[in-house]
Amino acid sequence: MKCPFCSSENTRVIDSRPADDNSSIRRRRMCDDCGKRFTTYEKVETIPLIVIKKDNTREQYDRSKIEGGVLRACHKRPISVNEINQLVDDVETEIFNREEKEIPSSMIGEIVMDHLKDLEAVAYVRFASVYREFKDVNTFMSELKKLLDK
C-alpha cells in the first residue's frame, strides 16, 4: 500500500478491525519512511454490475450516482450524513443481494424511493419528482396524496 503523504511503498498494518458496517475491514497503517499514519478499508470485490439506462444504454454501476441523487433530495433537510450513508448502504445491499449481472436504472430508482419514503417525506417527494419526471402539478399532487394516504 502506498503512503498517501510521501508515496513510499514501505507501509505496515498496525491495527485491523471490522468497520462499523461489518462488511469491510478497517486497517490503520503506518509509513516506515515518513512515520505518518493513515486508514484504509478493505472490501470484498463484487461481480461488476451493469446498469441498464432508460435509453437502453449500459454502464457500470456507480455508487456515487445514488449518493448524489440522495444528497440532492436531502438538501437542507434534517437528515444526518450517517443516515444518508446508511440509506445508500441499504440500497446497495439490496441491489447486490439480487445477484443479477444487469439491473435496470428504474429498479434502482424504485429501491431508493422505497428507502427515502421511510426516511423523510420531503426528500422522497423531491427524489420522486425528478425520477418520475412530473410533467405538471396534477401528477405531483397525486403522488403527494398517495404519500398522505399511507
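Residues numbered from 1 in each chain as written. Predicted model: local features only at pLDDT ≥ 70, side-chain atom pairs only at ≥ 80, totals over all residues. Heavy atoms only, no water.

Another point: the environment of Glu133. Position of Glu133 relative to the elements: it lies in the loop between helix H4 (121–131) and helix H5 (137–149). Ignoring anything within four residues of it in the chain, the contact list for Glu133 reads Lys54 and Ala128. (Helix = DSSP H or I, 4+ residues; strand = E, 2+ residues; numbered from the N terminus. Contact = heavy atoms within 4.5 Å.)

So, on to the packing of helix H1 (residues 63–73) against helix H3 (residues 105–119). The contact between H1 and H3 brings their axes to 12 Å, and the two run at 40°. Here H3 runs oblique to H1, going by the angle between their axes. For H1 against H3, the interelement crossing comes out right-handed. The segment H1 lies against H3, with Ile66, Val70 and Ala73 engaging Ile108, Val112 and Leu116. Here the residues of the contact of H1 with H3 are counted per class, giving six nonpolar, no polar and no charged. (Axes fitted to C-alpha atoms, helices over the stretch in contact; angles between N-to-C directions. Parallel < 35°, antiparallel > 145°, perpendicular 65-115°, else oblique. Left-handed = near helix turned anticlockwise from the far one by under 90°. Nonpolar A, V, L, I, M, F, W, Y, C, P; charged D, E, K, R; others polar.)

Everything listed here is a matter of coordinates, which is why it stays silent on function.
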